[in-house]
Amino acid sequence: MANDKSLIEILKSRGVSRRAFLKFCTTTASMMALPPSMVPAIASAMENARRPSVIWLSFQECTGCTESLTRSHTPTVEGLIFDAISLDYHHTLQAASGDAAEHAREEAMKENYGSYLLVVDGSIPLDNPGYSTIAGISNLDMLKETAKGAAAIISVGSCAAFGGLPHANPNPTGAASVADIIKDKPIINVPGCPPIPVVITGVFLHYLTLGTIPELDGLGRPKAFYGQNIHDRCYRRPFYERGQFAETFDDEGARAGWCLYKLGCKGPITYNACATMKWNQGTSFPIESGHGCLGCSEPRFWDMGGFYTALSEPTLDVTRAVGVAAAVGAGAGLAVGAVNQIKKKRAQSNHETVSVDDYKEDA
Amino acid sequence: MTSAEFLLWVRGPGLQIAAVIFAFGIILRFFEIYMMGRKKNLSAKRAGGTAAGFRTVATRFLPADSETMRRSMFTVVAGYIFHIGLFVTLFLFVPHIELFGALTGLTWPGLPMPVVDFFTVISMIALLGLMWQRLTKPVLRMLSTGHDHLVWTLTFLPLLTGYLAYHHLFLPYTWMLAIHILSVELLMILFPFTKLMHAFTLFVSRWYTGSMAGEKGVKV
């Protein structure tokens, strides 16, 4: 693909006015928690940016991340920016298949060695390479080979970032995340099941305009998008504070929009932008639709004791183990008690009766 | 280990281990105490002991006399504040009720969060005050053992970490929640084998004392 057009030229050809473009740059700056002074820098960087080559690898995934990005809503500036990158390899979106497709990947790697962006969605099976292959190449080999020449890697979706659904207990394929395998490249985790489209493009844009990796949290997620706690930002939080909870999905509390904590909402342990950026062009987010947060942008979210189990409840059965322990405790208590009684009786039988007279004799 | 994995461990295997040791220990101690038995009372009963036992359970909630009250005012007041605060925090905080519900099937209404928060804070202040007294009063200091400090710490940590978790202070919530649960598990593991056992033996021993006095004809 030709990399000769700048982003702004591409956007112009798609009918994006300069005003809309600058507005977008301002929104992006605020979204990425950058100072307003960065707006001109973003604008000029974007005006001059050449189409970067992007290789998108899909491993053990459901294509939901791609769907999120491409089918979320009517074309927006973010969507057009995504069009403006040179997406040289993407199973779902590319026209080519078979050898031609693999050839496109090899070509893009050769031409842009050291400078292309590698996007991965899906986890990588480590147990048996045959669990997931593309053109006869195992996911592990393809990732290692493609990662070598990448400038940076973006792990899109919870599967690529943390292992996601394939990694869920009992993890039959030995699924691993990109960061579990690749240790020598900058990796940006953009988790979510799927991630918010604007967050995916926001991360692209940050890299595109500033040429740097955004500031990341302890889990490798950009702080600008994953710095906020869902529970802290939830519009239902006042109900939590007041102690007003929906007990079922169709009770009075649920209808009144009360807190969904008891119905298993994982908002308190989830860091994502859903509560602020929302989905479908800012329409709503899961909690607003009456369902608790699944915590999909967090590691191991499938194993958090069930989607409908409150966060304070145990993830494993405790009652049976406690019953057995109590029975063993009773047995041990009886045994200790019996030993104590034997000791007491022995002491009693060994007890010699003495009288005042005995002491008199001694004296 | 990520915070999620840590949280998963404390909510799963960690809780199982703690609950098993807790249940084992409590039942063991009860059987052990019960089997110690009592010497047969050879004297004729002067009155019934049962009612006197229950009366004593109730009357011991009040300080014995004005002199005790005068000398130990701080201990009595701070002790009450701490115990009431702990009770409210433990049993009337909705996420805790959810846990008890999952374990026993029993649930009850909770209090609004800021109310529970208030009780958590006052019980922590009371505990700090009691520790300050323990460290500064020469007699108390001499009487204090490592056991006392251990028990104080085991009780204080769940309150502190729970407070920090609720307010999303210091560490991301997932970490703090996991540390909070871990601190409770430590408390559960050591509970049956320390002075903390008094929570279970308190009323039994009060009743015993009262009933023995009652049988001897002492007015209680």
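Residues numbered from 1 in each chain as written. Chains lettered and ligands numbered in written order. Predicted model: local features only at pLDDT ≥ 70, side-chain atom pairs only at ≥ 80, totals over all residues. Heavy atoms only, no water.

## A word on the nonpolar core
Line of reasoning, step 1. Ranked by size, the top nonpolar core spans 51 residues in total, and within it Phe21, Met46, Ile154, Val190, Phe204 and Ile287 of chain A carry the most contacts.
Line of reasoning, step 2. Top contributing element to this core by residue count: helix α11 (residues 197–210) of chain A, with eight residues.
Line of reasoning, step 3. When residues of this core are assigned to domains, at least three fall in each of domain 1 (51–221) and domain 2 (230–303) of chain A.
Line of reasoning, step 4. Tyr240 of chain A together with Ala4, Leu7 and Met176 of chain B belong to the second largest nonpolar core, which has 27 residues in total. (Core = buried A, V, L, I, M, F, W, Y, C linked by side-chain atoms within 4.5 Å. Buried < 20%, exposed > 50% of the residue type's maximum accessible area, 1.4 Å probe, protein only. Helix = DSSP H or I, 4+ residues; strand = E, 2+ residues; numbered from the N terminus. Domains from an automatic or database assignment.)

## Quick notes on the pattern of salt bridges
Residues and elements named next belong to chain A.
Line of reasoning, step 1. This model, assessed by the stated rule, comprises 17 salt bridges over all chains.
Line of reasoning, step 2. With its nearest N and O atoms 2.9 Å apart, the salt bridge here joins arginine 237 to aspartate 232.
Line of reasoning, step 3. In this structure arginine 237 comes out as buried when scored by relative accessible area, which is 16%.
Line of reasoning, step 4. The exposure class assigned to aspartate 232 is partly exposed, which follows from its relative accessible area of 38%.
Line of reasoning, step 5. A salt bridge links lysine 262 to glutamate 247; the shortest N-O distance between them is 2.8 Å. Of the two residues, lysine 262 sits in the loop between α15 (252–255) and α16 (274–277) while glutamate 247 sits in the loop between α14 (237–242) and α15, which places them 15 residues apart along the sequence.
Line of reasoning, step 6. Since its relative accessible area comes to 18%, lysine 262 is described here as buried.
Line of reasoning, step 7. By relative accessible area, which is 46% here, glutamate 247 ends up partly exposed. (Salt bridge = Lys/Arg side-chain N within 4 Å of Asp/Glu carboxyl O.)

## Quick word on the interface of chain A and chain B
Line of reasoning, step 1. Counting residues at the interface gives 45 residues for chain A and 36 residues for chain B.
Line of reasoning, step 2. For the pair chain A and chain B, the summed buried area comes to about 3600 Å², and 67% of that belongs to carbon and sulfur atoms.
Line of reasoning, step 3. Applying the counting criterion to the chain A and chain B interface returns two salt bridges.
Line of reasoning, step 4. Our count for the chain A to chain B interface comes out at 13 residue pairs in polar contact (both at pLDDT 80 or more).
Line of reasoning, step 5. In terms of residues, the side of chain A that touches chain B owes the most to one element, helix α17 (residues 319–349) of chain A, which gives 17 residues.
Line of reasoning, step 6. Classifying every residue of the side of chain A that touches chain B by side-chain character gives 24 nonpolar, 11 polar and 10 charged. (Contact = heavy atoms within 4.5 Å. Buried area = accessible area lost by both parts, 1.4 Å probe. Polar contact = N/O pair within 3.5 Å; in protein donor to acceptor, adjacent residues only side chain to side chain. Nonpolar A, V, L, I, M, F, W, Y, C, P; charged D, E, K, R; others polar.)

## A few points about unusual backbone geometry
Residue and element names in this part refer to chain A.
Line of reasoning, step 1. Here the residue pair asparagine 169 and proline 170 is connected by a cis peptide bond, since its omega of 10 degrees sits within 30 degrees of zero.
Line of reasoning, step 2. Mapped onto the elements of the fold, proline 170 is located in the loop between α9 (164–167) and β8 (175–176).
Line of reasoning, step 3. With an omega of 0 degrees, the peptide bond running from cysteine 193 to proline 194 counts as cis.
Line of reasoning, step 4. Note that proline 194 resides in the loop between β9 (187–190) and α11.
Line of reasoning, step 5. Of note in the backbone geometry, threonine 63 takes a positive phi value of approximately 70 degrees without being a glycine.
Line of reasoning, step 6. In this fold, threonine 63 is placed in the loop between β1 (53–58) and α4 (64–71).
Line of reasoning, step 7. Residue class for threonine 63 comes out buried when judged on its relative accessible area of 18%.
Line of reasoning, step 8. We note that asparagine 171 has phi near 50 degrees; this positive angle belongs to a residue other than glycine.
Line of reasoning, step 9. By the secondary structure assignment, asparagine 171 is in the loop between α9 and β8.
Line of reasoning, step 10. The exposure class assigned to asparagine 171 is buried, which follows from its relative accessible area of 18%.

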